[in-house]
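# Geometric and topological summary
Given next are the chains, with one letter for each unit.
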Amino acid sequence: MNIEQTLQTAEKILAPWNKDTLRPESNRMDMVVQTDELRAATNALHDAHWGYLSAITGLDLGVESGQLEALYHFCSGPVVVSLRVRVPRENTYLPSIADILPPATFFERELSETLGFKIEGLDESDRLFIPDDWPSDVYPLRSDFAVEQAAPVSGSRIDEIPEQGMLTGNTFVIPIGPQHPALKEPGHFQFTVDGEIVTGAKMRLGYAHRGIEKAAESRSWYQNLYLFERVCGICSHTHAMAYCMGVEKLAQVEAPPRAHAIRELVAGLERIHSHLLWLGVAAHEAGFDTLFMYSWRDRETVMNLLEQVTGNRVNYSANVLGGVKCEVGPEQAAKIKEGLDYLETRIRHYLEVVTTDAMFLNRTRGIGTITAAEAEKFGLLGPTARASGLMRDIRIEAPYGAYVRYPVSLVTRTNGDLEARCEVRLEELLVSCFAIRAILDNMPEGPLTARMPRKIPAGETIARVEAPRGELLYFIKSNGGETPARIHVRTPSLCNWVSVLEKAVGRQLADVPMLIAGMDPCFSCNDRVVTVLRTDKKEAWSWKQLREYGIEYYRR
Amino acid sequence: MFKDILASLFKKNNTQLYPFEKNPTPERFRGNLYYDPSACTGCCLCVKDCPSKAIELVTLDRAAKRFVLKYHMDRCVYCGQCAINCKFKCMGMSNKDWEHAAVDKKEFVVYYGKEEDVKQFLEKLAAPDDAATDK
């Protein structure tokens, strides 16, 4: 189906609720929907199996207009259909669609905390990424927000000791994190266990929240490039690439073909470094430290290549608005090829290890299995989704930049367990190596940058890029000035969390670290979530009671 | 895997005795900023786009090309946008100068420019009345 047909199908499905249709870009359609009809429209799209919910963007339309707007972005291949819902500032009620589409839980939380949407049925006393001592009724992304409003409030949850310890009988709550919860990034998990079996999972993120989206509103388009590059240290290039692509689209500037090729090349190298890093972490969690050491040793090869090509090991700053900074000449090409030769043999070796090593297979085979139907329901993205047989890869579904000229092939598995996720990631690297060689052998000639204006014309755009962890979505809005009006980032890890929490239930506690590592979470990317699943609200012990119990227990 | 492990047993130690032994940095490595005032026109494009406000350019006399560049090493994110912006190639990132360790934060503020210009600027800064007008 081509873009036009897909759009028409969506229009037909949504016709009963559609109040106004806008076509901002050739692959996008915006439809204005009434608040009380949002659920019906979502249901219709869901029932017709049209695409998946990719993100929800909240906008403040300004104090004068007196309205807030929520954009529900549904994606199907290259097509994006956004349902636009406007609510008055005095009554920001929005119906929840999380029961129809589970991934919406995270997005709705975000809307509620940053812009003050009142989502039906959402417990507002829980915080997701805003600190616990943040005052209530202060919303950082509102246009009338002033820094003075954000003074910390004392006497809130932060002083309370978290609920933990024994609940009833054999049921315990095991807190993991925020320090080092299986990974060296901050996140807090509470697993309710009955003996060794996990019966409930809960998490709190936001320990590394930096307010980047707010900060972007006060910086120029050029300065923001480096800000967004620092959303994530591992996939920094894809963030910068998505941002550049979006801004270039708004400015109607086309980066030269050579720049696109170099962008894909760096993205390929970045994918190798990201997946090898993940392999090491996963091996470490499985207790296979030899594999961890060796995969990280080999990762040095690609880190050195990145440093030679771009000038830095992380935060490469390879992009500028309108093109790239770094040239890839014959000298670099020779070095990259030499590095790839070594990496390819090693990746093949690791592929053999993860599929044959008995010890490792005990920790991966048949564990955390996600069926294709579940993956679809949870809205999974990236290698985690592809391991379950979902064909979700933006590089193939909606090729951008140089992926049209140097395509990559899709790697999928159908078993959906941790082993499949290992295989998908490693095999993907061989595909990336192949694509990098193709680029080096057929590099287009020409300049590296195109001229960019300082002021970006007013408009809205969506840039989607396949990051190592899955689809990355940037929503960029310009008012025609030197600074953006709103930039919304939806990172892939955010969509993948639900799989961990859902899959931990019923497994042994010892499998939890592997499950967390299995989706390759990136905390600094997605610090904005809290969710509760099947938590038993039974008789809870206070911290004091538990302490007394502990003292009594050890006295015996 | 076992072959790998056995082979590693007989390998030479990989650890380097830094700072006595150093790996050469790649040619494109972005270390400290350098600045050449003779080519500068004082257009301030570098200052404008710096994402971390790490550079300040003070014009003492534009016609005589007397500029002082105040560089805050500790704020710099080493992105190289200033060097890209400069049409006259008067700044760049050095791949030689990259070791940042100091006992005092003051050492991270560096002044670039002709010797007498920097001196004049610092004297001005020290005098409280003139300092206000400088900003």
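Please read these numbers as outputs of a predicted model, since none were measured by experiment.

## Looking at the overall build of chain B
- Helix and strand content of chain B: five helices and five strands.
- Its helices and strands taken in sequence order, chain B reads α-β-α-β-β-α-β-β-α-α from the N to the C terminus.
- Taken over C-alpha atoms, the radius of gyration comes to 21 Å for chain B, far larger than the 14 Å a tight globule of 135 residues would show.
- Once the C-alpha set of chain B is aligned to its principal axes, its extents read approximately 70 × 35 × 25 Å.
- Each of the 135 residues in chain B was classed as buried or not, and the buried ones make up 21%.
- Within chain B, contacts between residues at least 6 apart in sequence are counted, and of these 69% link residues at least 24 apart.

## Things to note about the interface of chain A and chain B
- Taken together, the contact pairs 18 residues of chain A with 14 residues of chain B.
- Listing elements by their share of the side of chain A that touches chain B, those giving two or more residues are helix H5 (221–229) and helix H8 (289–310) of chain A.
- It is H8(A) that provides the largest number of residues to the side of chain A that touches chain B, a total of five residues.

## Observations regarding the sheet that holds strand E2 (residues 55–61) of chain B
All names here are of chain B.
- An order of E2-E3-E5 is seen for the three strands of this open sheet, with the pairing classed as antiparallel. Here the strands that pair on one side only, and so sit at the sheet edges, are E2 and strand E5 (109–112). Ignoring which end each strand starts from, the neighbouring axes of this sheet average 20 degrees apart.
- The pairing of E2 with strand E3 (residues 66–72) spans six bridges and is classified as antiparallel. Note on E3: the bridge partner recorded for Asp 61 is Arg 66.

## Thoughts on the sheet that holds strand E14 (residues 459–467) of chain A
Residues and elements named next belong to chain A.
- Strands sit in the order E14-E15-E16 across an open sheet of three strands; the sheet is antiparallel. Here the strands that pair on one side only, and so sit at the sheet edges, are E14 and strand E16 (484–490). Strand-to-strand twist of the sheet, defined as the mean angle between neighbouring strand axes without regard to direction, takes the value 15 degrees.
- As paired elements, E14 and strand E15 (residues 470–478) share nine bridges and run antiparallel to each other. Note on E15: the bridge partner recorded for Ala 463 is Tyr 474.
- Most of the contacts of helix H6 (residues 236–251) go to E14, to which it runs at about 150 degrees, and overall it touches E14 and E15.
- Relative to the sheet, helix H15 (residues 492–504) contacts E14, E15 and E16, its axis offset from that of E15 by approximately 135 degrees.

## Overview of unusual backbone geometry
Residues and elements named next belong to chain B.
- In this structure, Pro 19 follows Tyr 18 across a cis peptide bond, with omega equal to 5 degrees.
- Of note in the backbone geometry, Lys 65 takes a positive phi value of approximately 55 degrees without being a glycine.
- Inspection of the secondary structure puts Lys 65 in the loop between E2 and E3.
- By the C-beta count within 10 Å, which is 17 here, Lys 65 ends up partly exposed.
- Phi angles above zero are rare outside glycine, and Lys 89 is one such case at about 55 degrees.
- Tracing the backbone through its elements, the reader meets Lys 89 in the loop between helix H3 (81–85) and strand E4 (91–93).

About the thresholds
- Residues numbered from 1 in each chain as written.
- Chains lettered and ligands numbered in written order.
- Predicted model: local features only at pLDDT ≥ 70, side-chain atom pairs only at ≥ 80, totals over all residues.
- Helix = DSSP H or I, 4+ residues; strand = E, 2+ residues; numbered from the N terminus.
- Rg over C-alpha atoms; globule rule 2.2 N^0.38 Å.
- Buried ≥ 20, exposed ≤ 12 C-beta atoms within 10 Å, placed from the backbone.
- Contact = placed C-beta atoms within 7 Å.
- Pairing = 2+ DSSP bridges.
- Axes fitted to C-alpha atoms, helices over the stretch in contact; angles between N-to-C directions.

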